[in-house]
Structure formats: C-alpha cells, structure tokens
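Results of the structural survey
Each chain is listed here by its residues.
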Amino acid sequence: MFEAANSVDFVAYTTAFHNFEWKKQGGGQWTLCPFHSDSTPSFSFDRKRNKGKCFTCSTPLLSLVDFIARHLQIEPATAAKLICEDMGLQYDENPNQGR
C-alpha cells in the first residue's frame, strides 16, 4: 500500500526532511536513535532491506513509512502521504478501488 513512499531512499529522505545526521561506520549507516535518549549512534540502516533498526532500544526493522510515523507520532497512511508530497510522488489513498 505504501510502495511509492517506501521506495524513497531512507537515509537521503531523513537527512533532507528531518535533519538526521548519518555516519558511515563498518559498512553501514548509523544515526542517533530518535526513540530513546541516545548519545552515540545506535540506529542502523540496512540498504539491502531499505529498513532501519536500533540496536540499543530494540526498535524492530522499520520501513521508511513506519519510521516516520513512529518518529512524528502519526498514522502510517499520514506518513506515507507526507513522504510522497515531500518527494513529489503520487500518493494513491485508495490503491485497490475499482479493481
């Protein structure tokens, strides 16, 4: 349902639109986790899965939509719409309508 929003580059989007600072470390990308008090980067991005996970607070693998929804404390559909609007992508609120 959120394919367009989840196809957006996780690191590039969170850097450009939500001011996250990512650091390359050990072949991966790391940032401070927004879901707990963090002083060293513990949130890792997995480019192969296009998902992120915190290794300190055990936040599970999150898609970009789920990450933004949780970070901004909004519904996933609202997060998907926001991502699409920010990126100039078409957001279909009723993807199965008429099928």
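Whatever comes next refers back to the structure up there.
The numbers attached to residues start from 1 for each chain and follow its sequence in the written order. Given that the model is predicted, a residue must reach a pLDDT of at least 70 before its local features are reported, and side-chain atom pairs must reach 80 or more before they are shown or counted; all residues, however, enter totals for whole chains, interfaces and linings. Hydrogen atoms and water are omitted, and side-chain values are computed over all heavy atoms in the structure.

Comments concerning the packing of helix α3 (residues 64–72) against helix α4 (residues 76–87)
At a closest axis distance of 8 Å, the pairing of α3 and α4 adopts a crossing angle of 110 degrees. Between α3 and α4, the interaxial angle falls into the category roughly perpendicular. Touching Leu64, Val65, Asp66, Ile68, Ala69 and Leu72 of α3 are Pro76, Ala79, Ala80, Leu82 and Ile83, all from α4. Amino acids are sorted into nonpolar (Ala, Val, Leu, Ile, Met, Phe, Trp, Tyr, Cys and Pro), charged (Asp, Glu, Lys and Arg) and polar (every other residue, Gly among them). Looking at the contact of α3 with α4, its residues break down into ten nonpolar, no polar and one charged. To get an axis, a line is fitted to the C-alpha atoms, and for a helix only the part in contact is used. The angle between two axes follows their N-to-C directions and goes from 0 to 180 degrees. Strands here are runs of E lasting at least two residues and helices are runs of H or I lasting at least four, both read from the DSSP assignment and numbered beginning at the N terminus. The labels follow the angle: roughly parallel below 35 degrees, roughly antiparallel above 145, roughly perpendicular from 65 to 115, and oblique for the rest. It only takes one pair of heavy atoms within 4.5 Å for two residues to be counted as in contact.

Quick look at the pairing of strand β2 (residues 28–31)
Remark: exposure states derive from per-residue accessible area (1.4 Å probe, protein chains only) relative to the maximum for the residue type, with buried under 20%, exposed over 50%, and partly exposed in between. Burial along β2 is two-sided: Gly28 and Trp30 and Gln29 and Thr31, pointing in opposite directions, are all buried. Relative to β2, strand β1 (residues 23–25) is paired through three bridges, and the arrangement is antiparallel. The residue of β2 that forms the bridge with Gln25 is Gly28. Any two strands between which DSSP finds at least two bridges are classified as paired. Hairpin connection from β1 to β2: two residues lie between these consecutive antiparallel strands, with Gly26 at a positive phi of about 60 degrees. The pairing of β2 with strand β3 (residues 43–46) spans three bridges and is classified as antiparallel. Across the sheet, Trp30 pairs through a bridge with Ser44, a residue of β3.

Things to note about the sheet that holds β3
Pairing within the open sheet is antiparallel, and its four strands lie in the order β1-β2-β3-β4. Each of the sheet's edge strands pairs with one partner strand only, and the pair in question is β1 and β4 (51–54). Taking each pair of neighbouring strands and ignoring which way they run, the sheet shows an average axis angle of 35 degrees. Most of the contacts of helix α2 (residues 10–18) go to β3, to which it runs at about 135 degrees, and overall it touches β2, β3 and β4.

As for the pattern of salt bridges
The term salt bridge refers to a pairing of a side-chain nitrogen on Lys or Arg with a carboxyl oxygen on Asp or Glu at a separation within 4 Å. This model, assessed by the stated rule, comprises two salt bridges. Note that Arg47 is salt-bridged to Asp9, the shortest N-O span being 3.0 Å. With a gap of 38 residues between them, Arg47 in the loop between β3 and β4 and Asp9 in the loop between α1 (3–6) and α2 connect regions that are remote in the sequence. Residue Arg49 is joined to Asp46 by a salt bridge in which the shortest nitrogen-to-oxygen separation is 3.9 Å. For Arg49, a relative accessible area of 52% translates into the label exposed.

Overview of the side chain of Thr59
Tracing the backbone shows Thr59 in the loop between β4 and α3. Residues contacting Thr59, with those up to four places away along its chain left out, are Cys33, Phe35, Phe43, Lys53, Cys54 and Arg70.

Topic: the packing of aromatic side chains
Here a pair means two rings of Phe, Tyr or Trp (six-membered ring of Trp) with centres within 6.5 Å. Their orientation is stacked below 30 degrees between planes, edge-to-face above 60, and tilted elsewhere. With the rule as written, the count across this model stands at twelve aromatic pairs. Their ring planes at 75 degrees and their centres at 6.3 Å tell us that Trp22 and Phe45 sit as a pair that is edge-to-face. Taken together, the residues Trp22 in the loop between α2 and β1 and Phe45 in strand β3 connect sequence positions 23 residues apart. Summarising the burial analysis for this pair, Trp22 and Phe45 share the class buried. Through a chain of ring-to-ring contacts, three or more aromatic side chains come together here, namely Phe10, Phe20, Trp22, Phe35, Phe43, Phe45 and Phe67. To sit over a ring, a charge needs its Lys NZ or Arg CZ within 6 Å of the ring centre and within 35 degrees of the ring normal. The ring of Phe35 has Arg70 sitting right over it, with the charged end atom 4.6 Å from the ring centre.

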